[in-house]
Amino acid sequence: MTGPAGEMAAGASIPQPAAEALLEPVAELSAVTEPARARVAVVTGAAGGIGSAICRRLSGDGFAVACFDLREEEAASVASDLPAARGYGVDVRDAASVQAAAGRVRDDLGVPWLLVNAAGVFSIQRITDLDESEWDRILDTNLKGPYLTCREFLPGMVQSAEGAIVNIASTAGVRGGRLRAAYCASKGGLVLLTRSLAIDHGPDGIRVNCLCPGLIDTEMADWIRGDDAALASWAASVPARRMGTPDEIADVVAFLASDGGSYLHGAVLMVDGGGTA
Ligand SMILES: NC(=O)c1ccc[n+]([C@@H]2O[C@H](COP(=O)([O-])OP(=O)(O)OC[C@H]3O[C@@H](n4cnc5c(N)ncnc54)[C@H](O)[C@@H]3O)[C@@H](O)[C@H]2O)c1
């Protein structure tokens, strides 16, 4: 029993609340502490060397990842190793394909908070030897693709007043390169698409940034990976003295998507072992 001042009288038994009263607050508490739904990230080029590393990293950071790739089976295989991830066959050059996949993502996982544009193609030739169809393939994949995905996913981010976009451009987007004019043109366009979208949508609460990888150890680097002498000579010209790894790109994407990157809008981060330094 408690006295007027609230102190317990010696020897008095402690009053026990009814069992229902014990349960009630617990039920309320479980409603409050129910885990928040994971943020959704869409990653294009998810079956590729860099894209798959990004999917794994973002999944590790707690995102539910929608893995987009032209190679549907490979995208599904990347997703199958990750919790709350799904693979989708998508051609980023095709508005209807992007739109259909986006609808499925919203049904399956929810409205995306993060979009990473990593799908890309590369080819080597003189512009005078470049077929119009190859020009279209490069520009449509590397530049029109990000336009179509941004156009698709930005409205949901604007409505939630938050979100982030990370575009994987290239050092070829900030300086010219030998025998790769179309690739450089596409990546240069992507850099300025990034900066312009950052200006338009920063006030909506959306951060748009890009990173420019140097040579990264994926299939896309096969043009030099198979030539030891050329690779050694290239490495000697770079401060890091080596190619980068897909995980090193994924780490920077994760940073750009995190609160650590909260004041980065329209940034063009060179992740190139110092190649453009
Ligand atoms: N590897 C490098 O040295 C390097 C350097 C600078 C920039 N990049 C850029 O990084 C990104 C990823 O390249 P990667 O090295 O992982 O190459 P990768 O070839 O391993 O992966 C590219 C992926 O994009 C997918 N893809 C191609 N066209 C597509 C389309 N129309 N729709 C959907 N998916 C499509 C491919 O199926 C593939 O899975 C690309 O944008 C590339 O330009 C790579």
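Residues numbered from 1 in each chain as written. Predicted model: local features only at pLDDT ≥ 70, side-chain atom pairs only at ≥ 80, totals over all residues.

1. As for the overall build of the protein
Next up, step 1: Within the protein, the secondary structure is distributed over 9 helices and 7 strands.
Next up, step 2: Across the 277 residues that make up the protein, the buried fraction comes to 39%.
Next up, step 3: Of the contacts made within the protein by residues no fewer than 6 positions apart, 68% connect residues no fewer than 24 positions apart. (Helix = DSSP H or I, 4+ residues; strand = E, 2+ residues; numbered from the N terminus. Buried ≥ 20, exposed ≤ 12 C-beta atoms within 10 Å, placed from the backbone. Contact = placed C-beta atoms within 7 Å.)

2. Structural notes on unusual backbone geometry
Next up, step 1: Of note, the phi angle at A161 is positive, near 60 degrees, even though the residue is not glycine.
Next up, step 2: Checked against the element boundaries, A161 lands in the loop between α5 (132-160) and β5 (163-168).
Next up, step 3: Judged by the 9 C-beta atoms lying within 10 Å of it, A161 falls in the exposed class.
Next up, step 4: Positive phi values are uncommon outside glycine, yet R241 reaches one of about 65 degrees.
Next up, step 5: Here R241 is to be found in the loop between α8 (228-236) and α9 (246-257).
Next up, step 6: On the basis of neighbour counts, which here come to 11 C-beta atoms within 10 Å, the residue R241 falls in the exposed class.

3. Quick word on the environment of G261
Next up, step 1: The topology assignment puts G261 in the loop between α9 and β7 (268-271).
Next up, step 2: Setting aside its immediate chain neighbours within four residues, G261 contacts R207, F255 and L256.

4. Focus: the site of the ligand
Next up, step 1: What surrounds the ligand is a group of 29 residues, the closest being G45, G48, I50, G120 and T218.
Next up, step 2: At 3 residues, the largest contribution of residues to the shell around the ligand is made by helix α2 (residues 49-60).
Next up, step 3: Residue classes in the shell around the ligand are distributed as 15 nonpolar, 9 polar and 5 charged. (Near = placed C-beta within 6 Å. Nonpolar A, V, L, I, M, F, W, Y, C, P; charged D, E, K, R; others polar.)

5. With respect to the sheet that holds strand β3 (residues 86-89)
Next up, step 1: If you walk across this open sheet you meet the 7 strands as β3-β2-β1-β4-β5-β6-β7, and the pairing is parallel. The open sheet has two edge strands with one neighbour each: β3 and β7. Neighbour to neighbour, the strand axes of the sheet diverge by 20 degrees on average, direction disregarded.
Next up, step 2: Of the pairings in the sheet, the one linking strand β6 (residues 206-213) to β7 comprises 4 bridges and is parallel in character. Bridge pairing in β7 places C212 opposite M270.
Next up, step 3: Each of β2 (64-69) and β3 is contacted by helix α3 (residues 72-80), which is oriented at about 170 degrees to β3, the strand it contacts most. (Pairing = 2+ DSSP bridges. Axes fitted to C-alpha atoms, helices over the stretch in contact; angles between N-to-C directions.)

6. Side note on the packing of helix α4 (residues 95-108) against α5
Next up, step 1: For the pair α4 and α5, the least separation of the axes is 10 Å and the interaxial angle reads 35 degrees. In the crossing of α4 with α5, the sense of the turn from one axis to the other is right-handed. Contact residues: A95, V98, Q99 and A102 in α4; L148, T149, E152 and F153 in α5. (Left-handed = near helix turned anticlockwise from the far one by under 90°.)

7. A few points about α2
Next up, step 1: The first and last C-alpha atoms of α2 sit 17 Å apart over 12 residues, in line with the 16 Å expected at 1.5 Å per residue.
Next up, step 2: Counted residue by residue, α2 has 10 buried out of 12 residues, so it is predominantly covered.
Next up, step 3: When α2 is considered as a whole, its buried residues turn out to be I50, G51, S52, A53, I54, C55, R56, R57, L58 and S59.
Next up, step 4: Against the buried residues of α2 lie β1 (40-44), β2, α3, β4 (112-117), β5 and α9. (Expected span 1.5 Å × (residues − 1).)

8. So, the confidence of the model for the protein
Next up, step 1: Confidence in the prediction of the protein, expressed as mean pLDDT, is 92, and 87% of residues score 70 or more.
Next up, step 2: Per-residue pLDDT stays below 50 along residues 1-12; that stretch engages in 5 contacts with residues further than four places along the chain or on separate chains.
Next up, step 3: pLDDT under 50 marks residues 25-30. Its contacts with residues more than four places away, or in other chains, come to 0 contacts. (pLDDT = per-residue confidence, 0-100.)

9. Notes on the pairing of β2
Next up, step 1: With 6 of its 6 residues buried, β2 lies for the most part within the structure.
Next up, step 2: Taking every second residue as pointing to the same face, both faces of β2 are buried, with A64, A66 and F68 on one and V65, C67 and D69 on the other.
Next up, step 3: Looking at chain direction, β1 and β2 are connected through 5 bridges and run parallel. Bridge pairing in β2 links V42 to A66.
Next up, step 4: For the handedness criterion, the β-α-β arrangement of β1, α2 and β2 is classed as right-handed.
Next up, step 5: Sheet topology places β2 next to β3; 4 bridges connect them, and they run parallel. Paired with D69 across the bridge in β3 is G89. (Right-handed = clockwise from strand over helix to strand, strands pointing away.)

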